[in-house]
Amino acid sequence: MQKSWDVIVIGAGVAGGLAAFDCARRGLRVLLVEKRSFPRWKVCGCCFNANALAALTAAGLPNLISDQGAVPLDQLRIGWNGMALNLGLPAGWALSRERFDQALVNAAETAGATVRFETSAVLQETSTAERMVQLRPPGGAPVQRIKARVVLIAAGLQHQVLAHFHEASSKSTPESRIGAGSFISDDSSSYEFGAIHMAIGRHGYVGLVRREDGALNMAAAFDRDVIKGAGGVARAAEVVLNQAGFALPQNLESSRWQLTSALTRRAGLFSGHRFFLLGDSSGYVEPFTGEGMAWALAAGAAVAPFVEEAQGEWTKDLEQRWRRRLVDLTISRQRLCRLLSTLLRQPLTTKALFSLGCQWPAIPQHVISRLNQVSPSMKSS
């Protein structure tokens, strides 16, 4: 492997994969490093909204989702305490992360990026013009030290690219919930194609959607002590579904779940000398209808011009402008999700919101439209 690169992208998920593609198509020498093997499943609602599609279009991949056989989404069904709200969902798609992330990596490789799987990376010392990165390849191969003019850290919620005490490491909030996900075979008619089903309980929620292969994808968020108290993740999901009045999917009892670290978190800094954070590494809150994917894709589509500029001199102004760009595209859009999450944790507030929504459905429909609208800055990018 060559020892010097224009940009090293750490993490081949949504943000990292798109950033690697966009940088490579601009003629930069790109190394994309991923600690896991692909294709791989990941805890995720696997839903894409209009803002996610706009980010892909801005980066030059307008047909990536549809070309992979994604399922169009046009309905959102929300259940709480036996009541249901059925709302329209603008311009949505469902596609498994196995297929989507692999397609992004393939596009990056086709554009000229070099990809290394099963390789962990740690950010190390810096010089005026470059940043050193330590790579640990698979199979006990010797550790490698390579350098790049810019490093993009897109390694997920609780990555180990930076030391845990680094200012740019993310910290969770005390009230943060734990994420959980699974997918199962379920051929019942309770959960049809084309709809996101969201069950809201007293201590968490469960979202369900049909993937392109027919499997039922489940993505949940639970209060930290609920899983242990319920007797496991599958049991916690069952409790929430029952509280919402939703049918229990087939094979739920035997489903295997994967947990995440605390969901609500924020990095202290979004950049440092010759590195940028993007995607979940910069911060995250509980999403509802595909916002999480849109936040990551928006950052992935926006960072390449900053990488190009950083091939020359690195300045504090460059860091500050990336912060403003990231706040505009992602952080500011997370505020509505944070507010909704807070409100839905209060039983009386939730009851009032549902009663209001049932009486005047135009109000929750407006909220859904706000969550799914395309960022003005993405339109102009």
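Structure: above.
Reference entry: report on the structure contained in this document. Please read these numbers as outputs of a predicted model, since none were measured by experiment. (Residues numbered from 1 in each chain as written. Predicted model: local features only at pLDDT ≥ 70, side-chain atom pairs only at ≥ 80, totals over all residues. Heavy atoms only, no water.)

1. With respect to the pattern of salt bridges
Item 1. For the coordinates displayed, the defined rule picks out 20 salt bridges.
Item 2. Asp22 is the salt-bridge partner of Arg25, the closest N and O atoms lying 2.7 Å from each other. Of this pair, Arg25 and Asp22 both sit in helix 1 (residues 14-25), three residues apart, which is roughly one turn of that helix.
Item 3. The exposure class of Arg25 is partly exposed, given its relative accessible area of 41%.
Item 4. For the salt bridge of Asp223 with Arg177, the shortest nitrogen-to-oxygen distance reads 2.7 Å. With a gap of 46 residues between them, Asp223 in the loop between strand 14 (216-222) and helix 5 (226-230) and Arg177 in the loop between strand 10 (170-172) and strand 11 (178-184) connect regions that are remote in the sequence.
Item 5. The structure contains a network of salt bridges with shared partners spanning Asp22, Arg25, Arg26 and Glu308. (Salt bridge = Lys/Arg side-chain N within 4 Å of Asp/Glu carboxyl O. Helix = DSSP H or I, 4+ residues; strand = E, 2+ residues; numbered from the N terminus. Buried < 20%, exposed > 50% of the residue type's maximum accessible area, 1.4 Å probe, protein only.)

2. Digging into the sheet that holds strand 10
Item 1. Read across the open sheet, the three strands follow the order 10-16-19; overall the sheet is antiparallel. One side of each edge strand has no neighbouring strand; the edge strands of this open sheet are strand 10 and strand 19 (283-284).
Item 2. The pairing of strand 16 (residues 265-267) with strand 19 spans two bridges and is antiparallel. Across the sheet, the residue bridging to Arg265 is Tyr284, located in strand 19. (Pairing = 2+ DSSP bridges.)

3. Notes on unusual backbone geometry
Item 1. Following Phe38, the chain continues into Pro39 via a peptide bond in cis, with omega recorded as -5°.
Item 2. The phi dihedral of Asn251 falls on the positive side, at around 65°, and the residue is not glycine.
Item 3. Locating Asn251 in the fold gives a position in the loop between helix 6 (233-244) and strand 15 (258-262).

4. What about the sheet that holds strand 13 (residues 204-210)?
Item 1. The strand order 3-5-4-12-13-14-11-15 describes an open sheet built from eight strands, whose pairing is mixed. Taken across any chain shown, the strands that pair with only one partner, and hence form the sheet edges, are strand 3 (47-48) and strand 15.
Item 2. Both strand 4 (residues 71-80) and strand 5 (residues 83-94) contribute to a ladder of nine bridges, which runs antiparallel. Looking at strand 5, one finds that Val71 is bridged to Ala94.
Item 3. Strands strand 4, strand 5, strand 11, strand 12 (195-201), strand 13, strand 14 and strand 15 of the sheet are contacted by helix 6, whose axis makes an angle of about 95° with strand 12. (Contact = heavy atoms within 4.5 Å. Axes fitted to C-alpha atoms, helices over the stretch in contact; angles between N-to-C directions.)

5. Focus on the packing of aromatic side chains
Item 1. Under the definition given, this model contains 10 aromatic pairs.
Item 2. For the pair Phe48 and Phe100, a centre-to-centre distance of 4.6 Å together with 55° between the ring planes defines the contact as tilted. With a gap of 52 residues between them, Phe48 in strand 3 and Phe100 in helix 4 (residues 97-111) connect regions that are remote in the sequence. Across this residue pair, the class does not change: Phe48 and Phe100 are buried.
Item 3. Grouping aromatic residues by their ring pairs yields a cluster made of Phe276, Phe306, Trp314 and Trp322.
Item 4. Positioned above the aromatic ring of Phe246 is the side chain of Arg77, whose terminal nitrogen or guanidinium carbon lies 4.2 Å from the ring centre. (Phe/Tyr/Trp six-rings, centres within 6.5 Å; stacked < 30°, edge-to-face > 60°. Lys NZ or Arg CZ within 6 Å of the ring centre and 35° of its normal.)

6. A few points about the pairing of strand 12
Item 1. Counted residue by residue, strand 12 has seven buried out of seven residues, so it is predominantly covered.
Item 2. Residue alternation in strand 12 divides its side chains into two sets, Ala195, His197, Ala199 and Gly201 and Ile196, Met198 and Ile200, and both sets are buried.
Item 3. Bridge count for strand 4 against strand 12 is six bridges, and the pairing is parallel. Of the residues in strand 12, the one forming a bridge with Leu76 is Ile196.
Item 4. With five bridges joining them, strand 12 and strand 13 adopt antiparallel strand pairing. When the bridges of strand 13 are listed, Ile200 appears paired with Tyr205.
Item 5. In this antiparallel pair of consecutive strands, strand 12 and strand 13, the connection spans two residues.

7. Quick word on the side chain of Ser281
Item 1. Take Ser281: it is sitting in the loop between strand 18 (275-277) and strand 19.
Item 2. Classification of Ser281 by relative accessible area gives buried; the value is 0%.
Item 3. Within the structure, Ser281 has its side chain in polar contact with the backbone oxygen of Gly156 (distance 3.1 Å).
Item 4. Once residues lying within four places of it in the same chain are set aside, the contact partners of Ser281 are Ile153, Ala154, Ala155, Gly156, His159, Ser170 and Ala267. (Polar contact = N/O pair within 3.5 Å; in protein donor to acceptor, adjacent residues only side chain to side chain.)

Geometry only, nothing functional implied.
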